[in-house]
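These are the residues of each chain, in order.
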Number of protein chains: 2
Amino acid sequence: MKRREFLKTSAIGAAAAATVAAPAIAQSMPELKWRLTASWPKSLDTLFGAADVFAKSVAEATDNKFQIQTFAAGEIVPALQALDAASNGTVEMAHTSSYYYFGKDPTFAFGTSVAFGPNQRLNQGWYYSGGGKEVLNDFYKKYNVTMRLCGNTGCQMGGWFRKEIKTVDDLKGLKFRIGGFPGRVIQKLGGVPQLLGAPDIYPALEKGVLDAAEWVGPYDDEKLGFYKVAKYYYTPGWWEGGSMINLFINNDKWNALPKHYQAIVEHAAAYANDWMIARYDLQNPPALKRLIANGSQLRAFSPAIMEACWKAAHELHDEIAKTNASFKKVYESMEAFQGAAYPWFRVAELNYDSFMIRHLS
Amino acid sequence: MKRREFLKTSAIGAAAAATVAAPAIAQSMPELKWRLTASWPKSLDTLFGAADVFAKSVAEATDNKFQIQTFAAGEIVPALQALDAASNGTVEMAHTSSYYYFGKDPTFAFGTSVAFGPNQRLNQGWYYSGGGKEVLNDFYKKYNVTMRLCGNTGCQMGGWFRKEIKTVDDLKGLKFRIGGFPGRVIQKLGGVPQLLGAPDIYPALEKGVLDAAEWVGPYDDEKLGFYKVAKYYYTPGWWEGGSMINLFINNDKWNALPKHYQAIVEHAAAYANDWMIARYDLQNPPALKRLIANGSQLRAFSPAIMEACWKAAHELHDEIAKTNASFKKVYESMEAFQGAAYPWFRVAELNYDSFMIRHLS
């Protein structure tokens, strides 16, 4: 039904372009109603909130002519089928994490994050000016979607563990809910990665089906309640240095949009992108304080664990790159960007931030 | 002339809203031609580039109905009069740095950066979700403009010095081109701050009218040629932890815009904002390499200098806050945001970035 409505509207648009007598308003601002399915419950008001901010922004920019209705995980399709729904046209758009779909092809990982990838700013830098947007969308074509950056969580936490992880051996046999492709690194180190959508994690951790679980950071993790059943909160989430949240748009629907509606979607996604990280930076600090006040124990992964993970991650990426041309292409593009940018980041940013943190912590 | 054209267009818009027989296109997408004056020469293709990206984005989102022509510094008004031109309606918009106008009121400083203020991400966080946008625009009302964040340079470099700065005493008598309000901190330490627009800095540094000059970072500084006449390149620019670039819009013109055009401007500014920092993170790394290959000597301000500047900056800010209510209000808002956010930044971001930089530098 939605599909037919859309086709009818764009047909009017096309006719109007060729006929001066047609109502000018149909030509310039056609009425559209689209649906967006998200991988988040509404309670995660930063992730789901960004989908809403995006949709509201598009409506505002089109005088409410282009309306996008947002749906939480499970309302139309489950959390981890959001991409498929956009790909096959069940909905026009999905707001999700590309790396959830690494089972189709590990190249999906780069759209969100890989272990030891760029931080929030450098992922965005790669996307906007390092060729990231282009190489990723070249890959996504095969799945009949185009992707726009529409949020970032910042560097995530390493998650909630029932027992302390003191050595690399402690990862062996660990049943660990971890988002997407980075689970393969955990697997290389003997862990048992599990990919569950947000609503399913807490019960699994509570029942002991999971030994550990990571989601995002203090604000979201607090809402999901993990601190009630796992005491140790680890940092950093080395597999999510600056995870990008993705807006996938069905390619046929995208190509049929008037050019100025495409531009409006593009800019509204950038606005929602800025909004999301700002919300996290507002909400995470007090949430972390509350968690610690509630008895959660903050722990850092030891240097030995970090080094073992670095090594395992690069072995994994290099192995896959040998047989997967898409993976190789995107991997090399990302590595080139961060390989140049991080040394520069050291000169001014890290120098400045280290000084500020000494004074303000 | 431009003013009259605008009034005519918005009068048509208003009439159309009340008259169903009026052409629908005038109602939904009025044709507007605005002018934007920038504080940058066109050669600074990241700063001026963001103004262009913004203007192009607005045109694309309105099917070319809303056109904004961009002008470089000096084409309509000089670099440091951009705000006044927007304020008095000479142009509709200015793309500039708020802190250039600290002579009117030091509160202008916060719109760009103050010494030891937030880094790029946290300035953006403060603007979007920490109340920054609201407190700043409440202040700007007095100047008949409204401001939108439209770019960020990231943490800047400390600038180019003819002689090494080894002790706090070396700042005494130093004729230093420094952007905006932070010059007052240099003054407190015995230096002689000078505020010059981009095109005027190189000749002054070459002739010895200046002993030192800071602009932004490697990519822009290289274009301006400072390395040819000053050997020592200092880091970090502690007065520009993450300088925001500002789009000022004449308030009367803004209020007369249709709501959806306001939304389009808002989102296009966010898009240009993301674009600018991404461009810097692409262009700064190779520029820094070239500068060092050309013989520039990288230096870090000593801990003693950093501490003296921190102390002087806070004394200055506290002094002004005692007698200037606007300054106090904005200062407290910004300090509250960064005071909460930086300790959180330490937990995951700094931890992760430090590890990455050790491996990638």
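All values reported here derive from a predicted model rather than from experimental measurement.

Enquirer: How would you explain the interface of chain A and chain B if you had to name every residue and give the values?
Expert: It is common to report an interface's size as the accessible area lost on association of the parts. Counting residues at the interface gives 79 residues for chain A, matched by 79 residues for chain B. Summed over both partners, the interface of chain A with chain B buries about 6900 Å², with 69% contributed by carbon and sulfur atoms. The tally of links between chain A and chain B comes to two salt bridges. Taking the shortest distance from any N to any O, the salt bridge between B:Arg121 and A:Asp281 comes out at 2.6 Å. Of all the secondary-structure elements, those providing two or more residues to the side of chain A that touches chain B are helix H2 (24-28), helix H3 (47-61), helix H5 (120-129), helix H11 (259-293), strand E11 (297-300), helix H12 (303-323) and helix H13 (325-360) of chain A. If you tally residues by element for the side of chain A that touches chain B, the top one is H13(A), at 23 residues. Looking at the side of chain A that touches chain B, its residues break down into 41 nonpolar, 25 polar and 13 charged.

Enquirer: Mind laying out the environment of B:Asp353, listing which residues take part and the relevant values?
Expert: Tracing the sequence through the fold places B:Asp353 in helix H13 (residues 325-360). Among all residues touching B:Asp353, those that are not within four sequence positions of it are A:Asn119, A:Tyr342, A:Phe345 and A:Leu350.

Enquirer: Break down the sheet that holds strand E2 (residues 66-71) of chain A for me, citing the residues and quoting the values.
Expert: Residues and elements named next belong to chain A. In spatial order, the strands read E2-E1-E3-E10-E4; together these five strands make up an open sheet with mixed pairing. Here the strands that pair on one side only, and so sit at the sheet edges, are E2 and strand E4 (145-152). Adjacent strand axes in the sheet meet at a mean angle of 25° when their direction is disregarded. Bridge count for strand E1 (residues 32-38) against E2 is six bridges, and the pairing is parallel. In the sheet register, Lys33 faces E2, and the bridge partner there is Gln67.

Enquirer: Now, about the domain arrangement of chain A: what can you tell me, with residues and values included?
Expert: Residue and element names in this part refer to chain A. With domains assigned, chain A is organised as domain 1 (9-154 + 242-282) and domain 2 (159-241 + 295-328). Placing a centre on the C-alpha atoms of domain 1 and another on those of domain 2 gives a separation of 27 Å. Approximately 2400 Å² of surface area, both sides summed, lies buried where domain 1 meets domain 2, with 67% of it carried by carbon and sulfur atoms. Note that Lys223 is salt-bridged to Asp45, the shortest N-O span being 3.7 Å.

Enquirer: Residues and numbers for the environment of B:Leu282, please.
Expert: Mapped onto the fold, B:Leu282 is located in helix H11 (residues 259-293). Separated by 63 residues in the primary sequence, B:Leu282 and B:Tyr219 have C-alpha atoms spaced 9.4 Å apart. Other than its neighbours up to four places away in sequence, B:Leu282 contacts A:Ser129, A:Gly130 and A:Phe337.

Enquirer: So, the sheet that holds strand E9 (residues 232-235) of chain B: which residues are in play, and what are the values?
Expert: Residue and element names in this part refer to chain B. Spatially, E7-E6-E8-E5-E9-E11 is the arrangement adopted by the six strands of the open sheet, whose pairing is mixed. If you trace the sheet from one side to the other, it starts and ends with strand E7 (192-194) and strand E11 (297-300), each paired once. Relative to E9, strand E5 (residues 159-161) runs antiparallel, the two sharing three bridges. The partner of Gly159 across the bridge, within E9, is Tyr234.

Enquirer: So what's going on with the relation of the copies chain A and chain B? Which residues, and what values?
Expert: Rotating chain A by 180° and translating it 0.0 Å along the rotation axis places it on chain B, where the RMSD comes to 0.0 Å. A rotation of that kind, with that shift, is consistent with a two-fold axis. Mapped onto chain B, 100% of the interface residues of chain A again fall at the interface, so both copies present the same surface.

Enquirer: Which residues make up the nonpolar core, and what values do they have?
Expert: Counting residues in each nonpolar core, the largest one holds 260 residues, and the members touching the most others are A:Phe54 and B:Phe54. Excluding anything up to four places from it in sequence, A:Phe54 contacts A:Leu36, A:Ile68, A:Met93, A:Cys150, A:Leu247, A:Val265, A:Ala268, A:Ala269 and A:Ala272.

Enquirer: Could you give me a rundown of the packing of aromatic side chains, with the residues and numbers involved?
Expert: Within this structure, the stated rule accounts for 66 aromatic pairs over all chains. With a centroid separation of 5.7 Å and an interplanar angle of 70°, the aromatic rings of A:Tyr271 and B:Tyr128 are classed as edge-to-face. Taken together, the residues span two chains, with A:Tyr271 in helix H11 and B:Tyr128 in helix H5 (residues 120-129). Both residues of the pair, A:Tyr271 and B:Tyr128, count as buried. Pairing B:Tyr100 with B:Tyr101 gives two aromatic rings, centres 6.2 Å apart and planes at 70°, and the pair type is edge-to-face. Residue class for B:Tyr101 comes out buried when judged on its relative accessible area of 3%. Cluster of aromatic residues (ring-pair linked, three or more members): A:Trp40, A:Tyr99, A:Tyr100, A:Tyr101, A:Phe108, A:Phe139, A:Tyr140, A:Tyr143, A:Trp215 and A:Phe248. When the ring centre of A:Phe71 is taken as origin, the NZ or CZ atom of A:Arg35, which lies over that ring, is 5.8 Å away.

Enquirer: Explain unusual backbone geometry to me, using residue names and the numbers behind them.
Expert: Residues and elements named next belong to chain A. Going from Thr235 to Pro236, the amide bond is cis rather than trans, its omega being -10°. Within the secondary structure, Pro236 sits in the loop between strand E9 (232-235) and strand E10 (244-250). Phi angles above zero are rare outside glycine, and Phe116 is one such case at about 60°. Relative to the elements of secondary structure, Phe116 occurs in the loop between strand E3 (93-96) and H5. Of the residues examined, Phe116 reaches a relative accessible area of 1% and is grouped as buried.

What counts and what doesn't
- Residues numbered from 1 in each chain as written.
- Chains lettered and ligands numbered in written order.
- Predicted model: local features only at pLDDT ≥ 70, side-chain atom pairs only at ≥ 80, totals over all residues.
- Heavy atoms only, no water.
- Contact = heavy atoms within 4.5 Å.
- Buried area = accessible area lost by both parts, 1.4 Å probe.
- Salt bridge = Lys/Arg side-chain N within 4 Å of Asp/Glu carboxyl O.
- Helix = DSSP H or I, 4+ residues; strand = E, 2+ residues; numbered from the N terminus.
- Nonpolar A, V, L, I, M, F, W, Y, C, P; charged D, E, K, R; others polar.
- Pairing = 2+ DSSP bridges.
- Axes fitted to C-alpha atoms, helices over the stretch in contact; angles between N-to-C directions.
- Domains from an automatic or database assignment.
- Least-squares fit on C-alpha atoms with pLDDT ≥ 70 in both.
- Core = buried A, V, L, I, M, F, W, Y, C linked by side-chain atoms within 4.5 Å.
- Buried < 20%, exposed > 50% of the residue type's maximum accessible area, 1.4 Å probe, protein only.
- Phe/Tyr/Trp six-rings, centres within 6.5 Å; stacked < 30°, edge-to-face > 60°.
- Lys NZ or Arg CZ within 6 Å of the ring centre and 35° of its normal.

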